[in-house]
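Here is what each chain is made of, one letter per residue.
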Amino acid sequence: RLSFRRLHSEMSASPSGEPSGRLVDFNQLTWDQLNQIHQTLQTDIQNITSSYGSLRVGVGRYKTSEDCLQHISDENKDKDILVPLTSSLYIPGKLKDIKKVIVEIGDKFFVEKDVKEAKAFLERKIEILEKQVKAVGDVLGRKNQDIQVVNMVRRAKAQEALAAQSQAQNASTS
């Protein structure tokens, strides 16, 4: 029998590190309340999954940029390269300055940094995003646990309703 379960209603944790939310006895809820919670959890899971995916893409982009910095060296000076204008449009160019690069620091703001500073910046951004990926992944895991519990209680209530209906039919025929 499933009794009390903490519903994780927010993506953040309390200052003590515990997930925020409230304690709910799922067995005391009506069928409609369970369905409402189920729908809310499904929506939450979809939204969190989307955020999780976006964060993973962001980590991948920063790691790609970090890998590209490895190729900026004296031996590659004046070599032909493809310069990205968008994620799918590149134009030919030459690698002239191997000491400085232009880095997007966020929201289409760019700054010039030397290669060492750019690497350090990218490492910090990757670390920050990876922590966010872990936090969002943890929330997603808790939401998935919650929806599994709600589904188990819904199945149990459906079975109880069928059993009660069967008993009522048997009692009326005898």
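Quantities reported herein were computed from a predicted structural model and do not represent experimental measurements. (Residues numbered from 1 in each chain as written. Predicted model: local features only at pLDDT ≥ 70, side-chain atom pairs only at ≥ 80, totals over all residues. Heavy atoms only, no water.)

Looking at the overall build of the protein
No. 1: When you go through the protein residue by residue, the secondary structure sums to two helices and six strands.
No. 2: When the helices and strands of the protein are listed from N to C terminus, the series reads β-β-α-β-β-β-β-α.
No. 3: Counting every position in the protein, which comprises 174 residues, the buried fraction comes to 26%.
No. 4: Contacts spanning at least 24 positions in sequence make up 53% of the contacts within the protein whose residues lie at least 6 apart.
No. 5: Of the roughly 12,200 Å² that the protein leaves accessible, carbon and sulfur atoms contribute 52%. (Helix = DSSP H or I, 4+ residues; strand = E, 2+ residues; numbered from the N terminus. Buried < 20%, exposed > 50% of the residue type's maximum accessible area, 1.4 Å probe, protein only. Contact = heavy atoms within 4.5 Å. Areas by Shrake-Rupley, 256 points an atom, 1.4 Å probe, with all protein chains shown as cover.)

Digging into the pairing of strand E3 (residues 80-84)
No. 1: Little of E3 is tucked away: zero of the five residues are buried.
No. 2: Note: E3 against strand E4 (residues 90-94), five bridges, orientation antiparallel. From the neighbouring strand, Val 83 faces E4, where its bridge partner is Ile 91.
No. 3: As consecutive antiparallel partners, E3 and E4 are separated by five residues. (Pairing = 2+ DSSP bridges.)

A closer look at unusual backbone geometry
No. 1: A positive phi angle, near 70 degrees, is found at Asp 78, a position not held by glycine.
No. 2: In this structure, Asp 107 takes a positive phi of about 50 degrees despite not being glycine.
No. 3: Mapped onto the secondary structure, Asp 107 falls in the loop between strand E5 (100-106) and strand E6 (109-114).

Digging into the pattern of salt bridges
No. 1: The tally for this structure, following the rule as stated, stands at six salt bridges.
No. 2: With its nearest N and O atoms 3.4 Å apart, the salt bridge here joins Lys 96 to Asp 78. Here Asp 78 lies in the loop between helix H1 (31-69) and E3 and Lys 96 lies in the loop between E4 and E5, a separation of 18 residues in the sequence.
No. 3: The exposure class of Asp 78 is partly exposed, given its relative accessible area of 40%.
No. 4: The partner of Glu 127 in a salt bridge is Lys 131, and the shortest N-O contact between them spans 3.5 Å. Here the residue Glu 127 and the residue Lys 131 both occupy positions in helix H2 (residues 115-173), the gap between them amounting to four residues, near one helical turn. (Salt bridge = Lys/Arg side-chain N within 4 Å of Asp/Glu carboxyl O.)

Quick look at a nonpolar patch on the surface
No. 1: A surface patch of nonpolar side chains, amounting to about 380 Å² of accessible area, comprises Ile 81, Val 83, Leu 85, Leu 89 and Ile 91.
No. 2: Relative to the assigned elements, Leu 85 resides in the loop between E3 and E4.
No. 3: Overall, Leu 85 belongs to the exposed group, its relative accessible area being 51%. (Patch = residues over 30% accessible without salt bridge, like charges linked within 9 Å, V, L, I, M, F, W, Y side chains within 5 Å.)

So, the packing of H1 against H2
No. 1: Orientation of H1 relative to H2, taken along the N-to-C sense of each, is 160 degrees, at an axis distance of 8 Å. Classified by the angle between their axes, H1 and H2 sit roughly antiparallel to one another. By crossing handedness, the relation of H1 to H2 is classed as left-handed. (Axes fitted to C-alpha atoms, helices over the stretch in contact; angles between N-to-C directions. Parallel < 35°, antiparallel > 145°, perpendicular 65-115°, else oblique. Left-handed = near helix turned anticlockwise from the far one by under 90°.)

Section: the pairing of E6
No. 1: Pairing analysis gives six bridges linking E5 to E6, with the strands arranged antiparallel. What sits directly across from Val 103, in E6, is Val 111.
No. 2: A loop of two residues connects E5 with E6, the two strands running antiparallel in sequence, and Asp 107 in this loop sits at a positive phi of about 50 degrees.

Let's talk about the environment of Leu 41
No. 1: Residue position: Leu 41 is located in helix H1.
No. 2: According to the relative accessible area criterion, Leu 41 is buried, its value standing at 3%.

A word on the confidence of the model for the protein
No. 1: In this model, the protein carries an average pLDDT of 87, and 87% of its residues clear a pLDDT of 70 or more.
No. 2: Per-element mean pLDDT across the protein ranges from 50 in strand E1 (residues 4-7) up to 95 in H1.
No. 3: Scored below 50 in pLDDT, residues 9-17 makes 13 contacts in the model with residues more than four places away or belonging to other chains. (pLDDT = per-residue confidence, 0-100.)

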